[in-house]
Amino acid sequence: MAEAESHQRARKPRPAPLLFEPSEAAADPEHFFDLESIEDPRELLSRSTELALAFRAAADRAVEFQALGAAQLADPRRFDRLTAEEIAHRAGWTTDYARKMIEFGQGLLRDGSPQ
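Residues numbered from 1 in each chain as written. Predicted model: local features only at pLDDT ≥ 70, side-chain atom pairs only at ≥ 80, totals over all residues. Heavy atoms only, no water.

Draft legend 1. Quick look at the packing of helix H4 (residues 84-91) against helix H5 (residues 95-111). As a packed pair, H4 and H5 sit with axes 8 Å apart at the nearest point and diverge in direction by 105°. With respect to H5, the element H4 is oriented roughly perpendicular. Facing H4, whose interface residues are Ala 84, Glu 85, Ile 87 and Ala 88, H5 presents Thr 95, Ala 98, Arg 99 and Ile 102. In terms of residue class, the contact of H4 with H5 is made up of five nonpolar, one polar and two charged. (Axes fitted to C-alpha atoms, helices over the stretch in contact; angles between N-to-C directions. Helix = DSSP H or I, 4+ residues; strand = E, 2+ residues; numbered from the N terminus. Parallel < 35°, antiparallel > 145°, perpendicular 65-115°, else oblique. Contact = heavy atoms within 4.5 Å. Nonpolar A, V, L, I, M, F, W, Y, C, P; charged D, E, K, R; others polar.)

Draft legend 2. Geometry of the confidence of the model for the chain. Residues with a pLDDT of 70 or more make up 72% of the chain, whose mean pLDDT is 82. Within the chain, the element-level pLDDT minimum falls on helix H1 (residues 2-10), averaging 48, and the maximum on H4, averaging 97. (pLDDT = per-residue confidence, 0-100.)

Draft legend 3. Expanded view of the environment of Ile 87. Mapping Ile 87 onto the fold places it in helix H4. Taking the relative accessible area as the measure of exposure, Ile 87 reaches 4% and is therefore buried. In the structure, Ile 87 is positioned 16 residues away from Ala 71 in sequence and 9.5 Å away in space, judged by C-alpha atoms. (Buried < 20%, exposed > 50% of the residue type's maximum accessible area, 1.4 Å probe, protein only.)

Draft legend 4. How the structure looks around helix H3 (residues 41-74). End to end, H3 covers 49 Å across 34 residues, agreeing with the expected 50 Å (1.5 Å per residue, within 8%). Here the buried face of H3 lies against H4 and H5. Between the side-chain oxygen of the N-cap and the backbone nitrogen of Arg 42 there are 3.1 Å, and the N-cap of H3 in question is Asp 40. (Expected span 1.5 Å × (residues − 1). Polar contact = N/O pair within 3.5 Å; in protein donor to acceptor, adjacent residues only side chain to side chain.)

Draft legend 5. Seen up close, the nonpolar core. Ala 70, Ile 87, Trp 93, Ala 98 and Ile 102 are the most contacted members of the largest nonpolar core, which has 13 residues in total. For Ala 70, the contacting residues outside a window of four places in its chain are Ile 87, Trp 93 and Ile 102. (Core = buried A, V, L, I, M, F, W, Y, C linked by side-chain atoms within 4.5 Å.)

Draft legend 6. Main features of a nonpolar patch on the surface. Side chains of Val 63, Tyr 97 and Phe 104 sit close together on the surface and give an oily, nonpolar patch of about 230 Å² of accessible area. Along the polypeptide, Tyr 97 turns up in helix H5. (Patch = residues over 30% accessible without salt bridge, like charges linked within 9 Å, V, L, I, M, F, W, Y side chains within 5 Å. Areas by Shrake-Rupley, 256 points an atom, 1.4 Å probe, with all protein chains shown as cover. Salt bridge = Lys/Arg side-chain N within 4 Å of Asp/Glu carboxyl O.)

Draft legend 7. Focus on the pattern of salt bridges. By the definition in use, this model includes six salt bridges. The salt bridge involving Arg 42 is made with Asp 40; its shortest N-O contact spans 3.9 Å. Through salt bridges with shared partners, a single network forms among Glu 85, Asp 96 and Arg 99.

Draft legend 8. Seen up close, unusual backbone geometry. At Phe 33, a position not held by glycine, the phi torsion is positive, near 50°. By the element assignment, Phe 33 lies in the loop between helix H2 (23-27) and H3. On the accessibility criterion, Phe 33 (17% relative accessible area) is buried. With a phi close to 65°, Asp 34 is a non-glycine residue in the positive phi region. Looking at where Asp 34 falls in the secondary structure, it is placed in the loop between H2 and H3. The partly exposed category is assigned to Asp 34, whose relative accessible area is 40%.

Structure below.
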């Protein structure tokens, strides 16, 4: 029983899923995941916090995939390998940042893809 409890505590909490809004709602600048219609401040704080955590998790995950892509493009075994400068240009990064992302991606590839 104690083992099951420690396993549950060790699991990363999953953020609330991001739900895609209909295009009509997305076109309205005042509309944001229906938060503007929530009247209870407790519920508003709770739902907006869930969304903030979900966006952060999505951004972190996207950065990991950027790093994987950069590392794969820079792989010297590829016949169409790109330099850090070329990767930086494609991604809108500085060359130094591209080098760091390539290194980060190589670590992810070595240790296993992001979960």
